[in-house]
Amino acid sequence: MEFFCHHRDRAGSLALRDELLEAHWAYMDGFAGELIARGPTFADDGDTLTGSVHIVDLPDPAAARAFAFDEPNHQAGVYRDVLLRRWRNTLGRTMWDFPGGRTGGNRYLVLGLGEGEPVDLEAPPGRDDLIAHGPLLSDDGATWLGTAVLLRAPDPRAARAVLTEDRYAEIEVHHWQFGGRPT
């Protein structure tokens, strides 16, 4: 089962986040084979960290909750909250398989919080800029709760356009970059 996890930073937690960077990476190393995508989110300035995204394939919702809440930054209070939802990988690949590579262009997380009938259940055709795409679902996979997309786009407005605007209660756009240990 695939899960989308967005840890959102608590204000004033950057020093603690920096202090725990190696512990965070070591923890994520333990899930290297299960990760579909990962990376930090940033404020509109593109520099101020605001959170971390992890899309991971785990056996069940209990394992996903353990993954999200046992993470060292969460345990130490770096994060103010966690969005954890079941997710379905409509592209069938990891971010490391993205043909556009790790660098070049602006990268975004677009998060649509669902309302009403499901929409954007499949990746739109001809979108070579998609890094990850999938619906957010209830734990049992039966109820659509929204859509999460990682993509390359020229600007936040173009990134937002990947979702059907009028079909969501709220759409968030965050600057995002490929994560993991520097090579």
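Residues numbered from 1 in each chain as written. Predicted model: local features only at pLDDT ≥ 70, side-chain atom pairs only at ≥ 80, totals over all residues. Heavy atoms only, no water.

### A closer look at the sheet that holds strand E3 (residues 49-57)
Point 1. Read around the barrel, eight strands follow the order E1-E3-E2-E8-E5-E7-E6-E4 and close on themselves; strand pairing throughout is antiparallel. With direction set aside, neighbouring strand axes in the sheet form an average angle of 30 degrees.
Point 2. The sheet contact formed by strand E2 (residues 35-42) and strand E8 (residues 168-176) spans two bridges and is antiparallel. Considered in E8, the bridge of Thr41 is made with Trp176.
Point 3. Where helix H2 (residues 21-29) meets the sheet, its contacts fall on E2, E3 and strand E4 (79-87), and the angle it forms with E2 comes to roughly 160 degrees. (Pairing = 2+ DSSP bridges. Helix = DSSP H or I, 4+ residues; strand = E, 2+ residues; numbered from the N terminus. Axes fitted to C-alpha atoms, helices over the stretch in contact; angles between N-to-C directions. Contact = heavy atoms within 4.5 Å.)

### Notes on the pairing of E4
Point 1. As judged from the eight bridges shared by strand E1 (residues 2-9) and E4, these two strands associate in the antiparallel manner. Its bridge partner being in E4, His7 is matched across the sheet by Val82.
Point 2. Inspection of the sheet shows E4 paired to strand E6 (residues 130-137) by two bridges, in the antiparallel sense. When the sheet's bridge partners are listed, Arg86 is paired in E6 with Leu137.

### Quick word on the layout of surface pockets
Point 1. Empty space within the largest pocket amounts to approximately 320 Å³.
Point 2. Lining the largest pocket are 18 residues, with Leu21, Trp25, Pro40, Gly179 and Gly180 sitting closest to its centre.
Point 3. Listing elements by their share of the lining of the largest pocket, those giving two or more residues are helix H1 (14-19), H2, E2 and E3.
Point 4. Among the residues forming the lining of the largest pocket, the class breakdown is seven nonpolar, seven polar and four charged. (1 Å grid on protein atoms, 1.4 Å probe; cavity = no way out; pocket = protein on both sides within 12 Å on 5 of 7 lines; lining within 4 Å. Points joined across faces, edges and corners; volume = space filled by probe spheres on them. Nonpolar A, V, L, I, M, F, W, Y, C, P; charged D, E, K, R; others polar.)

### As for the side chain of His133
Point 1. Secondary-structure assignment places His133 in strand E6.
Point 2. Within polar-contact distance, the side chain of His133 engages the side chain of Thr90 at 2.8 Å. (Polar contact = N/O pair within 3.5 Å; in protein donor to acceptor, adjacent residues only side chain to side chain.)

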